[in-house]
Amino acid sequence: MTAVEATTAGDGVGYYGKPIVAAHVWKDYIGWYFFTGGLAGASSTIAAVADLAGRPRLARHARRAAMVGLLPSPVLLIADLGRPARFANMLRVLKPSSPMSVGSWLLAAYSPFAVGAAATDLLGVAPRVRRASTVVAGLIGPGIATYTGVLVADTATPVWHEARRELPMLFAASAAASAGAVTTVFASISGRPESSAVRIGAAAAIAEVAMSTVMRKRLGDLDTYRSDSRARALDRASRTLSIAGAIVLTVGRRQRLTSVLGATAVAAGSVCERLAVLRAGTASANDPRAVLRAAS
Amino acid sequence: MTMSINMRPDNTPPADIEPGARYGFFTDTSVCIGCKACEVACKEWNGIASEVEAMTGNSYDNTGTLDATSWRHVAFIEKSERSAPSRATTVPGPAHDMVWLMSSDVCKHCTEAACLDVCPTGSLFRTEFGSVVVQPDICNGCGYCVPACPFGVIGKNETDGRAGKCTLCYDRLKGGNEPACAQACPTQSIQFGPLEGLRATAARRLDVLHEAGVAQARLYGHDPSDGIGGAGAMFLLLDTPDVYGLPPEPRTTTRDLPQMWRTAGRAAAGLLLGIALVVAGDRS
Amino acid sequence: MGSNMAENHPVGFQWVVEAQRRGATIIHADPRFTRTSAVADVHVALRPGTDIAFLGGLINYVLSNEREFREYVVAYSNAATIIDADFVDTEDLDGFFSGWDPETRTYDSTSWQYAGVQEKASAGDREGGGAGAERSGGHGGDHGGGTPREDPSLSDPHCVFQLLKRHFSRYTPEMVERTCGVPQARFEEVAEALCDNSGRERTGSICYAVGWTHHEVGVQNVRAAAILQTLLGNIGRPGGGIMALRGHASIQGSTDIPTLYDLLPGYIPMPHADTAATLDEFIQSDSPGGGYWGNMRAYTVSLLKAWYGDAATAENDFCFDHLPRITGDHSTYQSTLGMLDGSVKGFFVLGENPAVGSANSGMHRKAMANLDWLVVRDFQEIESASFWYDAPEIETGELSTNRIATEVFLLPAAAHTEKSGSFTQTQRLLQWHDKAVDPVGDCRSELWFFHHLGRLVRERLAGSNDPRDRAVLDLTWDYPVEGPFDDPRPEAVLEEINGHDADGRPLSTYTDLADDGSTSCGCWIYCGCNADGINQARRRKPGSEQTWVAPEWGWAWPANRRILYNRASADPDGVPWSERKRYIAWDEAAGRWTGADVPDFKTDKRPDYQPPPDATGPAAISGRSPFIMQSDGKAWLFVPAGLADGPMPTAYEPNESPVHNPVYRRQNNPTTEPIPSAENPNNHSPRPAGDHDPYPFALTTYRLTEHHTAGAMSRSVARLNELQPEMFCEVSPELAGMRGLVNGGWATIITSRAAIEARVLVTARLKPLRIDGRTVHTVGMPFHWGTRGETTGDSANDLLGLALDPNVHIQNTKAQTCDITAGRRPRGPARRTLVEEHRNGEAQR
Ligand SMILES: Nc1nc2c(c(=O)[nH]1)N[C@H]1C(S)=C(S)[C@@H](COP(=O)(O)OP(=O)(O)OC[C@H]3O[C@@H](n4cnc5c(=O)[nH]c(N)nc54)[C@H](O)[C@@H]3O)O[C@H]1N2
Ligand SMILES: Nc1nc2c(c(=O)[nH]1)N[C@H]1C(S)=C(S)[C@@H](COP(=O)(O)OP(=O)(O)OC[C@H]3O[C@@H](n4cnc5c(=O)[nH]c(N)nc54)[C@H](O)[C@@H]3O)O[C@H]1N2
Ligand code: SF4
Ligand code: SF4
Ligand code: SF4
Ligand code: SF4
Ligand code: SF4
Ligand SMILES: [Mo]
């Protein structure tokens, strides 16, 4: 950079190369929440389907997986707030124009049923209540698993908004993968893997990788998964873990150990995917070129 | 000289500032002298802390950008191209060897405000003056408005955890006073008033400059049919928006929300269906 | 020109922008491209210190293209006056005028006189030393009897017009380009714009400030503008004039009611020991016969009555003897020398911060370290009060705290918001401000301080019959006090300044002043500011509720006139030059001058009035002569007396310059006032052709909107510091390239006085200029930083050397030389070594 450029904004990109839009200010808690929320939602759906299909064992372990996802979620969300004490304000209004508002209400509606289902199951009481709440939670679940895709897409961050068609799909797949994986872990620990859980985990993991590839195709030169080193690393990790996990799961689905290994890899892949999304968003917002390209 | 040149900008604050009408800014950067009185007046009136940091080396700009603690930001752009067109209103053609553009940026108070749309708590709201304001007692610092704004205006204040941006001096308007920055501006580069009147003023000023041969003059944010439904704070610029750090085609992303919900719906359905199929198809 | 109005007078600049909106063309001539240039229509980048060459070029352009406003020039200026045949111009003496005395390094102005008459400047021959003495205000002088010969055809070779023509003939566009670095096309663009906007239908005005005055030729810079504006008929007319954009809020007031050693209130000269033994001798030697200065006796007697009241009687010469006498130059920097050599033992610092604000501030700090006592009144402990322990010289080892004997009294001052009083601004407008809050703690106003200091001194002297104490004891020191701290009523001071008649009734105009002791007036030009006992300065009628001249906002001296010499807005017969520019005109029916403003002329003096030969004072001014403060009622294109450095401006190089004078063989102003001291070494730039110059670059200093002067008032304010947090220097990309300077990095700037460091701002706003075939680079920097406050930094003034304008003793802060290198300066004693090595290095070469 020559001296003149150094003082002459007009010669650089935008205004002294400064960002045109503001990058999100979320900490990694939110990436983890995307994971836990997705895990909870998709697991509940597995539980509901299993319950209805008369697969109590699968249903039980899925309910537990849902709890693994649900319980930390509010903690993660609150931890990221600038004003945690005002968490309740999330339910002050219901705004369809705000994915976060919609999401908060979904979560609020979903939680009692998911918890109810798990509790009744654990205590082995009130079978009707258990089924009912399992089904309701299972129906809201997909919403929980996908609204986060809309949440990030509905921003001025180029790499997110341009991927608005893929993100919900990507998040759905990622959620299913993690749900299948964690359910598999529970099942394996308590004896043997549940084949359906294994299949869901493996299939969704592959779908996740596929979706992210489609998304990056569309992003073209906005693709900060390529330009930003950290995003690239996380994305690579996510792909490797997902594919490796899927293979191990499918191949070793009879043994408890391999299933647990494969499942953990798939879940980890899902986590990396979420963190990669956040990171790519930051990089994209900080690059004035991205905004200018997105505009043109 | 044309008559219009003799017209003094009708920026004198409306005799009485009435709730119900929509108010805003027309910032005429062609007469900005970069005195930063607007920045100081804003911080002073709104009691925002000053942060003394090292010199940036970016011309005379040591503020950097709009954020939670800078609600007015004067940009300084030096262009050394020989025979750059002058900022003159009267003498066309190159009488300068360079240009030094100055522009006081502020929240656009968008007609379709993304920040307001996405705010889950209703902290951000539309006032009776048509401005977009954060209610500090409601904001929970979720930070969603920050990446939502197509201009990167609003920020999250790390010290108090809340979002902050220009309020169009909501408290002053309620008291019948014009915004502090507009009142402090010595050259009337910042003009405050009812939006309709300002749109007319801006159009007239543009004509004057074009007549005077300042071809590069253009308006920004004045057009209700743009991606944000028109800004409540419009600008007269002397170069392309990106030079000032402004998005050339700002867009309120919530416009795509229906489409996005549909996609999400499909994704959700797919999720449900997929799981159902696997489980149903699993006979082992 | 010589002003960065948008940055330094932003609120006033709104009217420049307004004028531009209405079609005015704004031209900014400044070495740098500033925030003013940015909104101007035309920017002229000229080399620091070359304004006379540029203005001379414009004068020559007007004269050689016959663009002057003929009728105006012939009737209202001394263009037609014949000058003594002995006068020899710089054209023939390589840059000297006739009358040069190499011994005293001064001019004898006898040969500059109007032919056949003895001219004498009226505001007094203050310091003896022949015509070399100054007259602040530069009022026109006296032609002791006899009327000067005139040639209305302006063709006589000895008439002012022809002399002017000849003197400026060499200031061609080519010469301007060679000297100032201004392309001829740009120069002609400016010349045309000026001429097109002058004459009957249009007027143009020139704004200047310290970019013009801070030079060894500061006064002549302004003189050049006066010549140009007179030739173009732009004085005394609406939209015309030369606007001095003043500095501190009431700096105008502090020259009217002076804080200057050589003036009494209202620009009455301070009596000189040699020429003012008695009141009569004083008046005789200092007051001209013609013009309103002819009434100097009335002004002086009324002043003495205001000060000494009943003690002042005709018998005792109205206590004229009580007034101190001056014996020579006792200006700021002479006092600094006095402190260094021990002859000045005590020093009051009130409302200034010389340790940072004075050029060659290091010398000033050393001087203060040599005092017995020092009183500083300020809001906070400024550098001028703390130098004894934190001056840079302590770090370099040149000073050490335990060897500084100066006893420093730091007294807390009240701010303008904490006291009532008046400000007099640029336009001579007195505006009253009321106290908003009480001062905190021990903070007190200047008025309180001096009132009670005077009271205590008088109590000490009470009963003394030592004649020298009468000067203090006879003073009327009876200001009524109010409030818990016995604050004197500021209104009482205003009343004393306004003055009253024998029966104590407030006077309403200075023409009522008498020389028999029947009237009293603290400052004749302010007479009327309290007319009818009403504080006229406190008037605040909105512009929308009165005429466009707005005479009812505040009060302008003299006599509430908003435009001086406004009789010139009408032609000799009293008819407006044009309807468009109508202002003051003769109303035959009413038999008086009328218009939107207060006529600056005897209201009933007919245009055809011709003074009888024996007339003196105002009566000696004809009905066709608007410049009533001049003895001949004319605007002086050529100054026969009153200036130390010549009757016409001449382009000299600054005392330190990167180049040899392209205009004359004579390098710089021969009458420049030196400040001889080991603490004030010279850069000796330029060197003889071929020699290496260790200080090859032009150096200029200036202000930023974000800070104020020596900085104590702004470096303590976070709101401002965040906007300009660090001391920096501005250099062109080309110079940055040459010296390896990086934007945002550090640079060390070196002169023979000091080495300071500053952040680097590389900017195309500082343009290298082609001067006489070679490129001249300029280093620019603000002077706001010092060792104290929320943000600190080296002081630009440590770098500057002292060489003064001979007329008003102002320092040159705008055009010196320096060297610049990349990186920070050394710490400790090494800093001193660097400066010395740089200087000696120069000697060897
Ligand atoms: N914000 C702010 N306002 C102020 C002040 C302040 O400190 N801060 N100070 C007040 C005071 S005390 C005063 S006296 C006034 C001074 O007001 P100005 O005179 O405007 O102040 P400066 O910035 O010192 O100088 C003005 C310009 O002169 C230019 N210059 C330097 N050398 C030359 C030259 O040789 N020829 C010409 N034509 N121009 C030259 C400089 O580049 C600078 O841009 O400002 C007053 N107003
Ligand atoms: N290099 C360089 N040097 C320059 C100049 C330049 O252009 N270049 N400009 C010169 C000019 S034009 C000027 S005017 C000087 C200014 O230089 P200074 O006058 O020495 O510096 P200021 O900071 O204006 O000092 C004013 C002080 O008065 C104090 N003060 C304010 N109000 C009051 C009051 O009511 N009572 C009392 N007792 N104190 C008060 C302030 O706190 C401040 O410390 O600098 C000169 N020095
Ligand atoms: S500019 Fe940004 S912060 Fe301002 S109203 Fe529009 S979206 Fe909201
Ligand atoms: S940070 Fe505050 S203002 Fe912004 S969206 Fe969240 S709640 Fe609304
Ligand atoms: S309108 Fe008020 S809050 Fe907004 S920038 Fe101006 S001063 Fe600041
Ligand atoms: S106050 Fe007005 S002139 Fe000064 S920087 Fe702000 S907008 Fe520009
Ligand atoms: S500081 Fe005061 S004097 Fe200076 S420009 Fe502002 S208002 Fe005018
Ligand atoms: Mo000044």
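Bear in mind the structure is a predicted one, so any value in this text is a computation, not a measurement.

How would you explain the overall build of chain C if you had to name every residue and give the values?
Scanning chain C for helices and strands turns up 24 helices and 30 strands. For a compact globule of 845 residues, the expected C-alpha radius of gyration is about 28 Å, and chain C comes in at 27 Å, within 12% of that figure. The dimensions of chain C, computed from C-alpha atoms along their principal axes, are 75 × 70 × 55 Å. Expressed as a percentage of the 845 residues in chain C, the buried residues total 61%. Counting only contacts in chain C whose residues sit at least 6 apart along the sequence, the fraction spanning at least 24 positions is 69%.

So, the sheet that holds strand E1 (residues 23-28) of chain B: which residues are in play, and what are the values?
All names here are of chain B. Here we have four strands laid out as an open sheet, ordered E8-E1-E10-E9, and mixed in their pairing. For this open sheet the edge positions go to strand E8 (190-194) and strand E9 (218-220), each flanked by a neighbour on one side alone. Looking at each pair of strands side by side, their axes are set apart by 20° on average, direction ignored.

Please set out the nonpolar core residue by residue, giving values where relevant.
Among the nonpolar cores identified, the biggest contains 110 residues, and Val-779, Met-781 and Ile-820 of chain C are the most heavily contacted of them. Once residues within four sequence positions are removed from consideration, Ile-820 of chain C is found in contact with Phe-697, Cys-729, Val-731, Leu-735, Arg-739, Leu-741, Ala-747, Thr-748, Ile-749 and Val-779 of chain C. If you look at the next biggest cluster of nonpolar residues, it comprises 85 residues, including Leu-70, Leu-76, Ala-177 and Leu-234 of chain A.

Outline unusual backbone geometry, supporting the account with residue identities and numerical values.
All names here are of chain C. Residue Pro-558 follows Trp-557 across a cis peptide bond; omega there is -10°. Within the secondary structure, Pro-558 is located in the loop between strand E18 (555-556) and strand E19 (584-587). The omega torsion across Ser-685 and Pro-686 is -5°, close enough to zero to call that bond cis. You can see Pro-686 is positioned in the loop between strand E21 (673-674) and strand E22 (697-702).

Can you explain the site of ligand 4? Please cite residues and give values.
Taken together, the neighbourhood of ligand 4 is formed by Cys-119, Pro-120, Thr-121, Ser-123, Leu-124, Cys-139, Asn-140, Gly-141, Cys-142, Gly-143, Cys-145 and Ala-163 of chain B. A class-by-class count of the residues in the shell around ligand 4 yields seven nonpolar, five polar and no charged.

Before we move on, could you go through helix H2 (residues 37-46) of chain B and cite the residues and values that matter?
For H2 of chain B, every residue scored as buried is listed here: Cys-38, Glu-39, Ala-41, Cys-42 and Lys-43 of chain B. Those residues of H2 of chain B that are buried are in contact with strand E2 (72-79), strand E3 (99-106), helix H6 (180-184) and E8 of chain B together with helix H22 (718-721) of chain C. Remark: Gly-47 of chain B follows H2 of chain B within two positions and exhibits a positive phi of approximately 60°.

How would you summarise the site of ligand 6 if you had to cite specific residues and measurements?
In the vicinity of ligand 6, 14 residues are found, and the nearest of them are Cys-32, Cys-35, Lys-36, Cys-38 and Cys-185 of chain B. Taken together, the residues that form the shell around ligand 6 break down as nine nonpolar, four polar and one charged.

Tell me about the pattern of salt bridges, residues and numbers included.
As a working rule, side chains carrying opposite charge can pair if their charged atoms are close by. For the structure shown, the criterion picks out 84 salt bridges over all chains. Of the charged contacts in the structure, one is a salt bridge between Arg-230 of chain A and Asp-28 of chain A, with a shortest N-O distance of 3.5 Å. Remark: Asp-28 of chain A occurs in helix H2 (residues 28-52) and Arg-230 of chain A occurs in helix H11 (residues 229-251); sequence separation between them is 202 residues. With a shortest N-O distance of 3.5 Å, Glu-194 of chain A and Arg-55 of chain A are connected by a salt bridge. Separated by 139 residues along the polypeptide, Glu-194 of chain A in the loop between helix H8 (167-189) and helix H9 (195-219) and Arg-55 of chain A in the loop between H2 and helix H3 (56-70) bring together distant segments of the chain. Under the relative-accessibility criterion, Arg-55 of chain A is labelled buried at 17%. It is possible to trace a salt-bridge network through shared partners that takes in Arg-55, Arg-57, Arg-192, Glu-194 and Arg-199 of chain A together with Asp-282 of chain B.

Can you break down a nonpolar patch on the surface residue by residue, with the values?
All names here are of chain C. A cluster of nonpolar residues, Phe-348, Trp-373, Phe-409, Phe-450, Leu-453 and Val-457, forms a patch on the protein surface that exposes about 480 Å² of accessible area. The leading source of residues in the nonpolar patch is helix H19 (residues 446-461), at three residues. Considering the arrangement of structural elements, one finds Trp-373 in strand E12 (residues 373-378). On the basis of relative accessible area, Trp-373 is assigned to the partly exposed category, the value being 34%.

Talk me through the side chain of Ser-212 of chain A; I want residue IDs and the actual numbers.
Positionally, Ser-212 of chain A belongs in helix H9. Discounting residues that sit within four places of it in the chain, Ser-212 of chain A has contacts with Leu-170, Asp-235, Arg-239 and Glu-273 of chain A.

With reference to specific residues and values, describe the interface of chain A and chain B.
Listed as interface residues are 69 residues of chain A and, on the opposing side, 71 residues of chain B. Of the roughly 5,600 Å² buried between chain A and chain B, counting both surfaces, carbon and sulfur atoms make up 62%. Across the contact surface, chain A and chain B share three salt bridges. Joining chain A to chain B, the criterion identifies 31 residue pairs in polar contact (both at pLDDT 80 or more). Secondary-structure elements contributing two or more residues to the side of chain A that touches chain B are helix H1 (3-7), H2, helix H5 (99-123), helix H6 (127-153), H8, H9 and helix H13 (288-295) of chain A. For the side of chain A that touches chain B, the element with the most residues is H6 of chain A, which contributes nine residues. Among the residues forming the side of chain A that touches chain B, the class breakdown is 39 nonpolar, 19 polar and 11 charged.

Got a sec to walk through the packing of aromatic side chains? Specific residues and values, please.
Tallied over the full model, the rule gives 50 aromatic pairs over all chains. Residues Phe-125 of chain B and Tyr-170 of chain B carry aromatic rings whose centres are separated by 5.9 Å and whose planes lie at 75° to one another, so their mutual orientation is edge-to-face. Remark: Tyr-170 of chain B occurs in helix H5 (residues 170-174) and Phe-125 of chain B occurs in strand E4 (residues 124-126); sequence separation between them is 45 residues. On the basis of relative accessibility, which here comes to 22%, the residue Phe-125 of chain B falls in the partly exposed class. Looking at Arg-274 of chain A, its charged tip hangs above the ring of Phe-171 of chain A, at a distance of 4.6 Å from the centre. A cation sits over an aromatic face here: Arg-172 of chain B above Trp-45 of chain B, 4.6 Å from the ring centre.

Now, about the confidence of the model for chain A: what can you tell me, with residues and values included?
Confidence along chain A averages 94 in pLDDT terms, with 95% of residues attaining 70 or more. Predicted confidence is poor over residues 1-11 of chain A, with pLDDT under 50, and the contacts of this stretch with residues over four places away or in other chains come to 29 contacts.

Requested: an account of helix H21 (residues 490-498) of chain C, with residues and values cited.
Pro-490, Ala-492, Leu-494, Glu-496, Ile-497 and Asn-498 of chain C are the residues of H21 of chain C that are buried. Looking at the packing, one finds that the buried side of H21 of chain C touches helix H13 (296-308), strand E15 (429-433), H19, strand E16 (481-482) and strand E17 (487-488) of chain C.

Which residues make up the sheet that holds strand E14 (residues 421-424) of chain C, and what are the values?
The pairing of strands in a sheet happens through backbone hydrogen bonds and is either parallel or antiparallel. Residue and element names in this part refer to chain C. Strand order in the open sheet formed by three strands is E14-E15-E18, with antiparallel pairing between adjacent strands. If you trace the sheet from one side to the other, it starts and ends with E14 and E18, each paired once. Bridge analysis of E14 against E15 gives four bridges, and the strand direction is antiparallel. By the bridge assignment for E15, Thr-424 is matched with Leu-430.

About the cut-offs
- Residues numbered from 1 in each chain as written.
- Chains lettered and ligands numbered in written order.
- Predicted model: local features only at pLDDT ≥ 70, side-chain atom pairs only at ≥ 80, totals over all residues.
- Heavy atoms only, no water.
- Helix = DSSP H or I, 4+ residues; strand = E, 2+ residues; numbered from the N terminus.
- Rg over C-alpha atoms; globule rule 2.2 N^0.38 Å.
- Buried < 20%, exposed > 50% of the residue type's maximum accessible area, 1.4 Å probe, protein only.
- Contact = heavy atoms within 4.5 Å.
- Pairing = 2+ DSSP bridges.
- Axes fitted to C-alpha atoms, helices over the stretch in contact; angles between N-to-C directions.
- Core = buried A, V, L, I, M, F, W, Y, C linked by side-chain atoms within 4.5 Å.
- Near = heavy atom within 4 Å.
- Nonpolar A, V, L, I, M, F, W, Y, C, P; charged D, E, K, R; others polar.
- Salt bridge = Lys/Arg side-chain N within 4 Å of Asp/Glu carboxyl O.
- Patch = residues over 30% accessible without salt bridge, like charges linked within 9 Å, V, L, I, M, F, W, Y side chains within 5 Å.
- Areas by Shrake-Rupley, 256 points an atom, 1.4 Å probe, with all protein chains shown as cover.
- Buried area = accessible area lost by both parts, 1.4 Å probe.
- Polar contact = N/O pair within 3.5 Å; in protein donor to acceptor, adjacent residues only side chain to side chain.
- Phe/Tyr/Trp six-rings, centres within 6.5 Å; stacked < 30°, edge-to-face > 60°.
- Lys NZ or Arg CZ within 6 Å of the ring centre and 35° of its normal.
- pLDDT = per-residue confidence, 0-100.

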